[in-house]
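Each chain, letter by letter, is given below.
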Amino acid sequence: MQHHNDQQHLSRGSKRARVVAATATTAVLLAGATLVATSASAAESCSAELVIANSWPGGYQGSVKVTGGAGGVDGWTVAVGLGSSTVVNAWNSTLAIGATGEAAASDVGWNSTLASGQSAEWGFQGSGTIPSSGAIACNGSVTNPDPSPDPSVTPDPSPTPDPSVTPDPSPTPEPSVTPDPGDPGAGNDDWLHIDGNTILDAQGNPVWLTGANWFGFNTTERVFHGLWSVNLYDTIDQISAHGFNVLRVPISTELLMEWKNGQAAVPSGVNTYANPELEGLTTLGVFDAFLDASKEAGVKVILDVHSAKADNSGHFEPMWYAGSITTADFYDTWEWVADRYKNDDTIIGYDLENEPHGTYKATPRAKWDGSTDPDNWKHVAETAGNKILAINPNALILVEGIETYPKDGASWNSTNEDDYYTNWWGGNLRGVADHDLDLGSHQNQLVYSPHDYGPLVFEQEWFKGGFSQESLTEDVWGPNWLYLHDNDQYPLLIGEWGGRVGEDQRQDDWLVYLRNLISEKKISHTFWTINPNSGDTGGLLLDDWTTWDQEKLTLLDPALWQDSNGEFVGLDHVTPLVGGTNVTEYYEDGNTAPVS
């Protein structure tokens, strides 16, 4: 999930003199649209391209690429129309916080000189309405009226000025060395496995995964949303201090392919003034920095392939493949990830694919049966899981359900809607009863991971006419996934659930009912989401990315793992959660195992 809108979810450098050599282009601004300003002369200094990279209720993120013209540029200024919106954050340019209407942004020294075809990127976060129309123009001093273009180099957006050196920002692959698991607190003793419906640590102690989601690596920005505003390390510390012992991190196969192929680029969505530790890092470097921060804060990670494409709407695609990205790519990238991090137990599990879905009549659509058909999610998940476990037999394999499943006596060939059971995307695990995954000798690494949402996300049939915790358990949760827990077959980790609080009584009731179920049965879960820019759910953080939603925290408190003193419990055996404790201390202090 991310921004579900369909049926299902349904600054700082000195200015210098400029030579104007560009014209403005005016166009309608839409999310994902691009505005381009080009020069009128053959010796143009620069052009600028603006992309509305992301939007949410009350705000948006803009990304601007400045490219040297035929004559190159030495010092540039970009003019952009913001309409009634206001800049609340900006990075890699002098765009002023609080700017509105017609605004100007200049280079910050290190990114001032661009050869012909060379580019530098900067970005900003706007509060308010995306402008309905606007103008963008670039001007600067031509460096060479008869240049020899070198378009192969893109400047490094590190904000440390060094005017004597032209930065070399070509995306350089991060070192292929597997992260060192020998640091204090890293151990390599935190791997988990299952027994019946319980997740256990290596010593056989039951553990309870109680976490949240933070998206962004799956999107066009290819990095956590919010890093345009807040510090990564501080945010991870806050997540830990609020009792979330695991983070589910959505990512895309496309981005994993870029990492695997050594094509990781420096992202434009990181404010390096707020994140000096991330200066000059590629998307892979930022991810590894995130793992380091998580390790220091006692937080574990579940990596989730949220979409095939690195796109803000990529999760709407029903399958694990899309466009040029194939099932083979899906397998190959999972193997690459498993190998890279096989010695780092910060990543304790892999959620193979987010919300495979499709109705009975959709093409393509994900099904679940005993075949090897290319649209059979059960077969693909089984194949991917076994490939990962052949490399890292210690990782948990999380498998989500689908959307629809044939009733008894019906087949996937039926064109009668009444022949199918339907649930939330990823929430239909009825097929496990007929066609369980086979992970061979590693069956004890399998966790099933449904998703569930309330009526503010979509008015499902079971919400109409009233509902209760009992009716939801009997009609929805029980037959679709809870039976796996109640029959002591497998543990569950509810990978996504959540929503807005205090806006609709039925929504609040649903949240309490599912929270109660999770708490009573000690079902592992990751709440959706940290991000405030999730359109239909909001986030645990408010729109400023720093203030926590106290109502949601109060709601969640009974569903977070705590000891008898109310301290939050982490899954690491050495490093505690910030202000909390860890699993070793939990059992040494004689606390009760978190089992139902």
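Residues numbered from 1 in each chain as written. Predicted model: local features only at pLDDT ≥ 70, side-chain atom pairs only at ≥ 80, totals over all residues. Heavy atoms only, no water.

Trainee: Tell me about the layout of surface pockets, residues and numbers included.
Mentor: In this structure, the second largest pocket encloses a volume near 510 Å³. If you trace the second largest pocket, you find 23 residues lining it, with E417, T422, Q460, E461 and W462 closest to the centre. Of all the elements in the fold, those that place two or more residues in the lining of the second largest pocket are β19 (420–422) and α6 (469–486). Counted by class, the lining of the second largest pocket contains six nonpolar, seven polar and ten charged residues. (1 Å grid on protein atoms, 1.4 Å probe; cavity = no way out; pocket = protein on both sides within 12 Å on 5 of 7 lines; lining within 4 Å. Points joined across faces, edges and corners; volume = space filled by probe spheres on them. Helix = DSSP H or I, 4+ residues; strand = E, 2+ residues; numbered from the N terminus. Nonpolar A, V, L, I, M, F, W, Y, C, P; charged D, E, K, R; others polar.)

Trainee: Please set out unusual backbone geometry residue by residue, giving values where relevant.
Mentor: Here the bond from T363 into P364 is cis, since omega is -5°, no more than 30 degrees from zero. Its place among the elements puts P364 in the loop between β16 (347–351) and α5 (377–391). Cis rather than trans, the peptide bond between W528 and T529 has omega equal to 5°. Considering the arrangement of structural elements, one finds T529 in the loop between β22 (524–527) and α8 (550–556). With phi around 60°, R222 is a residue other than glycine that occupies positive phi space. Along the polypeptide, R222 turns up in the loop between β13 (210–213) and α1 (232–241).

Trainee: Residues and numbers for the packing of aromatic side chains, please.
Mentor: If you walk through the whole model with that rule in mind, you get 33 aromatic pairs. Each ring, one from F217 and one from W259, has its centre 6.2 Å from the other, and the planes form 80°; the classification is edge-to-face. In this pair, F217 is assigned in the loop between β13 and α1 and W259 in helix α2 (residues 253–260), connecting sequence segments 42 residues apart. As far as burial versus exposure is concerned, F217 and W259 are alike and both buried. Feature note: the residues W214, F217, F224, W259, F287, F290 and Y341 constitute an aromatic cluster, connected by ring pairs. One Lys or Arg, K387, reaches over the ring of Y331 and ends 5.5 Å from the middle of that ring. Residue placement shows K407 over the ring face of Y421; its charged tip is 5.4 Å from the ring centre. (Phe/Tyr/Trp six-rings, centres within 6.5 Å; stacked < 30°, edge-to-face > 60°. Buried < 20%, exposed > 50% of the residue type's maximum accessible area, 1.4 Å probe, protein only. Lys NZ or Arg CZ within 6 Å of the ring centre and 35° of its normal.)

Trainee: Outline the nonpolar core, listing residues and values.
Mentor: Across soluble globular proteins, nonpolar side chains have a tendency to be buried as a group. Core analysis: the largest hydrophobic core is formed by 125 residues, its most contacted members being L352, W377 and Y448. Per element, the largest residue contribution to this core is eight residues, and it comes from helix α3 (residues 283–297). The residues touching W377, leaving out its near neighbours within four places in the chain, are W320, F330, L352, E353, P356, A366, K367, W368, V399, E400, G401 and I402. Core analysis: the next-biggest nonpolar cluster, separate from the first, contains 25 residues, I52, Y60, L95 and A99 among them. (Core = buried A, V, L, I, M, F, W, Y, C linked by side-chain atoms within 4.5 Å. Contact = heavy atoms within 4.5 Å.)

Trainee: Which residues make up the pairing of strand β15 (residues 300–307), and what values do they have?
Mentor: Within β15, eight of the eight residues are buried, which leaves the element mostly enclosed by the surrounding structure. The sheet contact formed by strand β14 (residues 246–252) and β15 spans seven bridges and is parallel. The partner of R248 across the bridge, within β15, is I302. For β15 and β16, the ladder comprises four bridges, and the chain directions are parallel. (Pairing = 2+ DSSP bridges.)

Trainee: With reference to specific residues and values, describe α3.
Mentor: A rise of 1.5 Å per residue sets the reference length of α3, with its 15 residues, at 21 Å; its end C-alpha atoms lie 21 Å apart and thus fit the reference within 8%. Most of α3 sits inside the fold, with 13 of its 15 residues counted as buried. (Expected span 1.5 Å × (residues − 1).)

Trainee: Can you break down the pattern of salt bridges residue by residue, with the values?
Mentor: Going through the model one piece at a time under the given rule, you end up with 19 salt bridges. A salt bridge links R248 to D351, with the shortest nitrogen-to-oxygen separation between them at 3.0 Å. With R248 in strand β14 and D351 in strand β16, this pair connects stretches of sequence that are 103 residues apart. Each member of the pair, R248 as well as D351, carries the same accessibility label: buried. (Salt bridge = Lys/Arg side-chain N within 4 Å of Asp/Glu carboxyl O.)

Trainee: Account for the sheet that holds strand β21 (residues 493–494), with residues named and values stated.
Mentor: Read across the sheet, eight strands follow the order β20-β17-β16-β15-β14-β13-β22-β21 without closing on themselves; strand pairing throughout is parallel. Each end of this open sheet is capped by a strand with a single partner; those strands are β20 (446–448) and β21. Bridging between β21 and β22 involves two bridges; their strand directions are parallel. Directly across from I494, in β22, lies its bridge partner H525.

These values are about where atoms sit, not about what they do.
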